[in-house]
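Listed below, chain by chain, are the residues.
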There are 2 protein chains.
Amino acid sequence: MQAATRIEGALAQAVSLAQGPGAPPLLAAALHYAVFPAGHRIRPQLCLAVAHACGDRDPAAADAAAVAIELLHCASLVHDDLPCFDNADLRRGKASVHMAFGEPLAVLTGDALIVQAFATLGAQVRQNPLVMATLIGIVAESVGAPRGVVAGQAWECEVAVPLSDYQRAKTGALFVAATAAGAAAAGQDPAPWRSLGEKLGEAYQVADDLRDVLCDAEELGKPIGQDAKRLRPNAAAELGVGGAKAYLEGLMTAAVASIPECPGSAELRMLIEAQTALFFPKQLARAAA
Amino acid sequence: MQAATRIEGALAQAVSLAQGPGAPPLLAAALHYAVFPAGHRIRPQLCLAVAHACGDRDPAAADAAAVAIELLHCASLVHDDLPCFDNADLRRGKASVHMAFGEPLAVLTGDALIVQAFATLGAQVRQNPLVMATLIGIVAESVGAPRGVVAGQAWECEVAVPLSDYQRAKTGALFVAATAAGAAAAGQDPAPWRSLGEKLGEAYQVADDLRDVLCDAEELGKPIGQDAKRLRPNAAAELGVGGAKAYLEGLMTAAVASIPECPGSAELRMLIEAQTALFFPKQLARAAA
């Protein structure tokens, strides 16, 4: 089965369990709205690609990890868009959850997605306890405190921000979870796969910085120029567009070079190059063509 | 070891893991602030009491469940106090988390506590996979959508609210989790223990309604008269103080009567009666004396 089909099917099942009998109708609607229609699904695609390269010994475990990571990513977007953070009206080209459903339901939607992520992992524990124990640990570490997504967002509340800690936690952690969890789900040691996630996470951050400077809001599906407005660090502002683009290409080369030897490593390299083209700003892709 | 000592020790360990190396200092401080000093810890006390009555075959599993349930309870308080919900300045007699740390850190503190709850459960999976699989399921069901705490809070965003669904989800669910998880942690079937949790949860809700009407803010440690202000259902307003008190006593009798036969059932009955005295409004306790 195509990875995209696996991911959308598994996400639909997880969301529909959370919408089950007795759910408040607006919360049920907001949960669906926050997860669908599909974004690029870069993190779950990466997770399944690594699992596949490692032999995909337990597809249900890999699916659970991919779904948990994507639900947590969606939860972080919903909470990041709240008025007390980015106060963003747009996300993926449509109204953000709090604009569409109000702030209380946006807070609760994020909360429910976090719970559903772990419920999805928990539901596989009986089938493969040792692998699922590792996956729950990897996913929890990538999203909670002290060094996950939540911690990354919390660095924005500090006066002095260690830039690398901030970006590694806020953006990098879920990429590391994706590669490490993909390997662990296939029964492989996740440790050698962390570097790929770290480099892809940083590349994604630099690409996002470039998009924030280069794109228009329609292409991006969310407001532009947010980093300058919020005094957030931005690689394109620091290195210039050319410098940031060169840095991004260096990261991509290093990412692909870091792939551990495994049965599917050649295929994985091609897939990652294709996937990352998705998050390259269109202007740069055109310039490179 | 005394239950209170077990609970505070296990909570301190869980919070300190979330505050570990690399944590943003304000988030680390807010996490501690949201969990300590101890409230009555009614839910984890109940969980350990049921585990004890059932033989406490795996104390580490029981501790993990008790901690997860209390962390999730604390998370729900932090998010419920937010300006977009109750906008409460006070909680447990001190400034609410968003008043002390600001709204962004309050959102993130709740998120991080939810993650830490599941990380705590996940950390025990290797030791006792089948029991932990059950516990993760029980806890996730009690806090997420469609019928957990988050769903209960989301009913406040609906125009038409089925009152019993609302209260069962918002207050009852974590009590059911406490009794069911206590039994499951000891290797017993959790199903017969749900009724005790349901009745205690409803009793707690009625007692809370009475306190909202009867107490002063200093005794309560949070603002009073909130239900009338927010047009929320309140048993004391519906049944009168005398009627609500009689209803509460009936629930307590039914709760104690619902305790399944087990080695420690007599001791558990006494303990529950002592614990529930804690959440009886002082005025009523005085009137009854």
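See the structure above.
Small disclaimer: the values here were computed from a predicted structure and weren't measured.

## Some points on unusual backbone geometry
In the segment running from A:Phe36 into A:Pro37, the intervening peptide bond is cis, with an omega of -5 degrees. With respect to the helices and strands, the residue A:Pro37 is situated in the loop between α2 (25-35) and α3 (42-53). Positive phi, close to 55 degrees, is recorded for B:Arg41, a residue that is not glycine. The residue B:Arg41 is located in the loop between α2 (25-35) and α3 (42-53) in this model. For B:Arg41, a count of 21 C-beta atoms within 10 Å gives the class buried. The backbone phi angle of B:Asp56 is positive, close to 45 degrees, even though this residue is not glycine. When you line up the elements, B:Asp56 lands in the loop between α3 and α4 (59-80). For B:Asp56, a count of 19 C-beta atoms within 10 Å corresponds to the partly exposed category.

## A look at the interface of chain A and chain B
With 51 residues of chain A in contact, the opposing surface of chain B contributes 51 residues. Mapped by element, the contributors of at least two residues to the side of chain A that touches chain B are α2, α6 (103-122), α7 (129-143) and α8 (149-155) of chain A. It is α6(A) that provides the largest number of residues to the side of chain A that touches chain B, a total of 13 residues. In terms of residue class, the side of chain A that touches chain B is made up of 35 nonpolar, ten polar and six charged.

## Quick word on the relation of the copies chain A and chain B
Turning chain A through 180 degrees and shifting it by 0.0 Å along the axis lays it on chain B, with an RMSD of 0.0 Å. Such a turn and shift between the copies fits a two-fold axis. Across chain A, the rotation axis passes nearest the C-alpha of A:Pro129, at a separation of 2.9 Å.

## Details of helix α9 (residues 163-185) of chain A
Residue and element names in this part refer to chain A. Taking 1.5 Å per residue, 23 residues should reach 33 Å; α9 reaches 31 Å between its end C-alpha atoms and fits that length. Along α9, the sharpest change in direction is near 55 degrees and occurs at Gly172. Of all 23 residues that make up α9, 20 are buried, and the element is covered over most of its length. With its phi angle positive at about 85 degrees, Gly187 sits one or two positions after the end of α9.

Calculation rules
Residues numbered from 1 in each chain as written. Chains lettered and ligands numbered in written order. Predicted model: local features only at pLDDT ≥ 70, side-chain atom pairs only at ≥ 80, totals over all residues. Helix = DSSP H or I, 4+ residues; strand = E, 2+ residues; numbered from the N terminus. Buried ≥ 20, exposed ≤ 12 C-beta atoms within 10 Å, placed from the backbone. Contact = placed C-beta atoms within 7 Å. Nonpolar A, V, L, I, M, F, W, Y, C, P; charged D, E, K, R; others polar. Least-squares fit on C-alpha atoms with pLDDT ≥ 70 in both. Expected span 1.5 Å × (residues − 1). Bend = angle between axes of the 7 residues up to and from the residue.

No statement about biological role is implied by the geometric values presented.
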